[in-house]
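Coordinates in review
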Amino acid sequence: MASGGFTIGDWCWFIRQASPCRVIERQDVWDEIAYRVWLPAKDAVVRARAVDLATLESVRPNVEHAGALSCRLRCRRVTAGTRTTPQYCRRYSDTVGHPV
């Protein structure tokens, strides 16, 4: 990302679509920056305002923690009403660093 926004070829996060996208064109009209971006998940090209785009790094922690959250919820369902935690739940939580 350049100091004035994204440049052609940059990968970014399209907030409204909750999807990664790639900038294919930058449009700067009347002090408003907009982009044409390619959404690989939909194989579509759409127009996006600059405020609707974020860096991939800004959403990466959320994506990485989704797996840990999913495992914790699954393990809680499995262990509902019992006092023991299955071995695979403990093993996964140890590798991710989150308690079950």
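Remember, predicted model here, so these are calculated numbers, not experimental data. Residues take numbers from 1 onward in each chain, read along the sequence in its written order. In view of the model being predicted, local features appear only for residues whose pLDDT reaches at least 70, and side-chain atom pairs are presented and counted only at 80 or more, with totals across whole chains, interfaces and linings using the full set of residues. The basis for every side-chain value is the complete set of non-hydrogen atoms in the structure, without hydrogens or water.

**Focus: the overall build of the protein chain**
Condition: A helix here means a DSSP run of H or I that spans at least four residues, while a strand means a run of E at least two residues long, and both kinds are numbered starting from the N terminus. Residue contacts are counted whenever heavy atoms from the two residues lie within 4.5 Å of one another. A 1.4 Å probe and the Shrake-Rupley method give the accessible areas. Residues count as covered only by the protein chains that appear here.
The helix and strand tally for the protein chain stands at two helices and five strands. The N-to-C order of helical and strand elements in the protein chain reads β-β-β-β-β-α-α. Looking at the protein chain alone, contacts between residues at least 24 apart form 32% of all its contacts between residues at least 6 apart. Approximately 7100 Å² of the protein chain is accessible, and the part contributed by carbon and sulfur atoms is 53%.

**Section: the sheet that holds strand 3 (residues 32–39)**
Adjacent strands of a sheet pair through backbone hydrogen bonds, lying either parallel or antiparallel. Here is the rule we go by: Criterion used throughout: strands pair if DSSP finds at least two bridges between them.
Taken in spatial order, the five strands of this open sheet run 4-3-2-1-5, and their pairing is antiparallel. Each of the sheet's edge strands pairs with one partner strand only, and the pair in question is strand 4 (44–49) and strand 5 (53–54). Judged from the four bridges that link them, strand 1 (residues 11–14) and strand 2 (residues 19–29) form a sheet pairing that is antiparallel. What sits directly across from Cys12, in strand 2, is Cys21.

**Comments concerning the environment of Pro40**
Along the chain, Pro40 turns up in the loop between strand 3 and strand 4. Between the alpha carbons of Pro40 and Cys21 there is a distance of 6.7 Å; along the sequence they are 19 residues apart. Look past the residues within four positions of Pro40 in its chain and what remains in contact with it is Trp11, Pro20 and Cys21.

**Here's the deal with the side chain of Asp10**
Quick reminder of the rule: To sort residues, take the accessible area from a 1.4 Å probe on protein chains only and compare it with the maximum for the residue type: under 20% means buried, over 50% means exposed, and anything in between is partly exposed. The positive count covers Lys and Arg only, the negative count covers Asp and Glu only, and His and the chain ends enter neither. Take a side-chain nitrogen of Lys or Arg and a carboxyl oxygen of Asp or Glu: if they are within 4 Å of each other, that pair is a salt bridge. By the criterion applied in these results, polar contacts are pairs of N or O atoms within 3.5 Å in which, for protein atoms, one can donate a hydrogen and the other can accept it, and in which residues neighboring in sequence qualify only through two side-chain atoms.
Note that Asp10 resides in the segment before strand 1. The side chain of Asp10 sits in the buried core without any salt bridge; Arg22 is the nearest counter-charge, 7.5 Å away. Among the polar contacts made by the side chain of Asp10, one reaches the main-chain amide nitrogen of Thr7 at a distance of 2.8 Å.

**Considerations on the environment of Thr7**
In this fold, Thr7 is placed in the segment before strand 1. Sequence separation between Thr7 and Glu25 is 18 residues, and the spatial gap between their C-alpha atoms is 7.9 Å.

**Notes on the nonpolar core**
Our working definition: Here, the term nonpolar core denotes a set of buried Ala, Val, Leu, Ile, Met, Phe, Trp, Tyr and Cys residues that are joined through side-chain atoms within 4.5 Å.
Of all hydrophobic cores here, the largest spans eleven residues; its members are Phe6, Cys12, Phe14, Cys21, Val23, Ile33, Tyr35, Val37, Leu39, Ala48 and Leu53. Taken together, the elements giving at least two residues each to this core come down to strand 1, strand 2 and strand 3. Beyond its immediate stretch of four places on either side in the chain, Val37 contacts Phe14, Cys21, Arg22, Val23, Ile24, Ala44, Val45, Val46, Ala48 and Leu53.

**Re the pairing of strand 3**
Relative to strand 3, strand 2 runs antiparallel, the two being bridged by seven bridges. Looking at strand 3, one finds that Glu25 is bridged to Arg36. What sits between strand 2 and strand 3 in their antiparallel hairpin is a turn of two residues, with Trp30 showing a positive phi close to 50°.

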